[in-house]
Amino acid sequence: IADAETAKEYIGGTADWRTDLYTGECPKIPTHAESIALISDGGRKFTPELKTPQVDMPFDGFTQEMYAQKMIDEYVAAGVPAENVWAQ
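Let us look at the structure shown here.

### A word on the overall build of the chain
Part 1 of the reasoning: Helix and strand counts for the chain stand at three helices and zero strands.
Part 2 of the reasoning: Counting from the amino terminus, helix and strand elements in the chain follow one another as α-α-α.
Part 3 of the reasoning: Whereas a compact globule of 88 residues would reach a radius of gyration of roughly 12 Å, the chain reaches 22 Å, over 25% beyond that.
Part 4 of the reasoning: In terms of overall dimensions, the chain has a C-alpha envelope of 65 × 35 × 20 Å along the principal axes.
Part 5 of the reasoning: In the chain, which comprises 88 residues, the share counted as buried stands at 11%.

Given below as structure tokens:
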């Protein structure tokens, strides 16, 4: 604020010539299950891709195969027909 005389006044808001468009909270990143629901509601199909783990597998008893099965299980739990999922 151009006419601020104290630190509190200075950080008290956005200058009139700047936008407040991006000052809100960041959007929440959906879980995989939430994204399945969102995409399904739009009538879309899926091409999920498991990325290479950034940790050594197995990790905390969780193998690569368990990781892949967990992904498929989320589609099954959401009731997505198998013909609508092309796992990579």
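Here the narrative resumes.
### Topic: helix α3 (residues 64-77)
Given 3.6 residues to a turn, an α-helix orients residues that are three or four positions apart in the same direction.
Part 1 of the reasoning: For α3, built from 14 residues, the straight-helix expectation of 20 Å at 1.5 Å per residue is met to within 8% by its first-to-last C-alpha distance of 20 Å.
Part 2 of the reasoning: One or two positions beyond α3, positive phi appears at Gly-79, with a value near 75°.

### What about the environment of Pro-81?
Part 1 of the reasoning: Summarising the element assignment, Pro-81 is placed in the segment after α3.
Part 2 of the reasoning: Put simply, Pro-81 and Lys-45 are 36 residues apart on the chain and 9.4 Å apart in space, counted from C-alpha to C-alpha.

### Observations concerning the packing of helix α2 (residues 32-41) against α3
Part 1 of the reasoning: Contact pair α2 / α3: the axes reach a minimum separation of 10 Å and the direction vectors enclose 40°. For the element pair α2 / α3, the angle class is oblique. Relative to α3, α2 is oriented so that their crossing is right-handed. For the pair α2 and α3, contact is made by His-32, Ala-33 and Ile-36 and by Met-71, Glu-74 and Tyr-75, respectively.

### Focus: the environment of Asp-73
Part 1 of the reasoning: Residue position: Asp-73 is located in helix α3.
Part 2 of the reasoning: Residue Asp-73 is classed as partly exposed on the basis of its relative accessible area, which comes to 40%.

### Overview of the pattern of salt bridges
Part 1 of the reasoning: Under the criterion given, the structure shown has two salt bridges.
Part 2 of the reasoning: Salt-bridge contacts for Glu-34 lead to Lys-28; the nearest nitrogen and oxygen are separated by 2.9 Å.
Part 3 of the reasoning: By relative accessible area, which is 37% here, Glu-34 ends up partly exposed.
Part 4 of the reasoning: Residue Lys-28 is classed as exposed on the basis of its relative accessible area, which comes to 63%.
Part 5 of the reasoning: Across the pair Lys-51 and Glu-49 runs a salt bridge whose closest N-O atoms are separated by 3.3 Å.

### Some thoughts on the packing of aromatic side chains
Part 1 of the reasoning: All chains considered together, the criterion is met by two aromatic pairs.
Part 2 of the reasoning: When the centroid spacing of 5.1 Å and the interplanar angle of 70° are considered together, the rings of Phe-46 and Tyr-75 count as edge-to-face. On the criterion of sequence distance, the pair formed by Phe-46 in the loop between α2 and α3 and Tyr-75 in helix α3 is long-range, its members being 29 residues apart. No difference in accessibility class separates Phe-46 from Tyr-75, as the two residues are buried.

Criteria and thresholds
Residues numbered from 1 in each chain as written. Predicted model: local features only at pLDDT ≥ 70, side-chain atom pairs only at ≥ 80, totals over all residues. Heavy atoms only, no water. Helix = DSSP H or I, 4+ residues; strand = E, 2+ residues; numbered from the N terminus. Rg over C-alpha atoms; globule rule 2.2 N^0.38 Å. Buried < 20%, exposed > 50% of the residue type's maximum accessible area, 1.4 Å probe, protein only. Expected span 1.5 Å × (residues − 1). Axes fitted to C-alpha atoms, helices over the stretch in contact; angles between N-to-C directions. Parallel < 35°, antiparallel > 145°, perpendicular 65-115°, else oblique. Left-handed = near helix turned anticlockwise from the far one by under 90°. Contact = heavy atoms within 4.5 Å. Salt bridge = Lys/Arg side-chain N within 4 Å of Asp/Glu carboxyl O. Phe/Tyr/Trp six-rings, centres within 6.5 Å; stacked < 30°, edge-to-face > 60°.

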